[in-house]
Amino acid sequence: MRKTMICLGVLLVCLTAIGGARQAPPSGHTLLSATDLTWGDPPPALPKGATVAVLSGDPGQSGPFTVRVKFPAGYKIAPHWHPTDEHVTVLSGTLAFGMGDKVDPAAMKKLSAGGFARMPAEMRHYVEAAAPTTIQIHGTGPFTLNYVNPADDPRKSSPPVK
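Residues numbered from 1 in each chain as written. Predicted model: local features only at pLDDT ≥ 70, side-chain atom pairs only at ≥ 80, totals over all residues. Heavy atoms only, no water.

Helix and strand counts for the chain come out as 1 helix and 10 strands. Helices and strands in the chain line up, N terminus first, as α-β-β-β-β-β-β-β-β-β-β. Within the chain, buried positions represent 30% of all 162 residues. Taking the contacts inside the chain whose residues are at least 6 apart along the sequence as the reference set, 68% of them involve residues at least 24 apart. Accessible surface computed for the chain: about 10400 Å², of which carbon and sulfur atoms make up 60%. (Helix = DSSP H or I, 4+ residues; strand = E, 2+ residues; numbered from the N terminus. Buried < 20%, exposed > 50% of the residue type's maximum accessible area, 1.4 Å probe, protein only. Contact = heavy atoms within 4.5 Å. Areas by Shrake-Rupley, 256 points an atom, 1.4 Å probe, with all protein chains shown as cover.)

As structure tokens, then:
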């Protein structure tokens, strides 16, 4: 009986090893420390002053993506919406969120580090950084920003007259 149990144990270990050998290794692995991130200018749809780092994917293409955005204190994004869901986690600082087509400071809710917000596709919303703030956004691209009031869109602003 003891020999049978030992043989079954060895067989189980061998089958597990063979099964494991057939599995493909994970692909697309990403492991980044904070110092590995490459920060750059925001896309033209955001007002100047923010910096952005893409962690995975391409927000401008179809498929999942994750980005981080740093805002200076007082940074504002006017009422806007996205055609896809937006998931935001506040990593540091405080970000105030408001919902609707017009800014209403009294209706804004502040989220500090660890706070999370999800805005479903086409929900009108706006934000303001109450302090220097870093957020992480993830979702499914293409991730576009559509301003409720076209005059708020930085892409439509005229270049300064010299």
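Next, the rest of the story.
With that settled, the discussion passes to the pattern of salt bridges. A side chain with one charge may pair with a side chain of the opposite charge, provided their charged atoms come close. In the structure shown here, the tally under the stated rule is 3 salt bridges. Residues aspartate 101 and arginine 124 are paired through a salt bridge, measuring 3.9 Å at the closest nitrogen-oxygen approach. In this pair, aspartate 101 sits in the loop between strand S5 (94-99) and strand S6 (109-112) while arginine 124 sits in the loop between strand S7 (116-119) and strand S8 (125-129), placing the two residues 23 residues apart along the sequence. What makes arginine 124 partly exposed here is its relative accessible area of 29%. (Salt bridge = Lys/Arg side-chain N within 4 Å of Asp/Glu carboxyl O.)

Moving on to the side chain of threonine 134. Along the chain, the position of threonine 134 falls in strand S9 (residues 133-141). Its relative accessible area of 14% is what places threonine 134 among the buried residues.

Worth remembering: the numbers are spatial, not functional.
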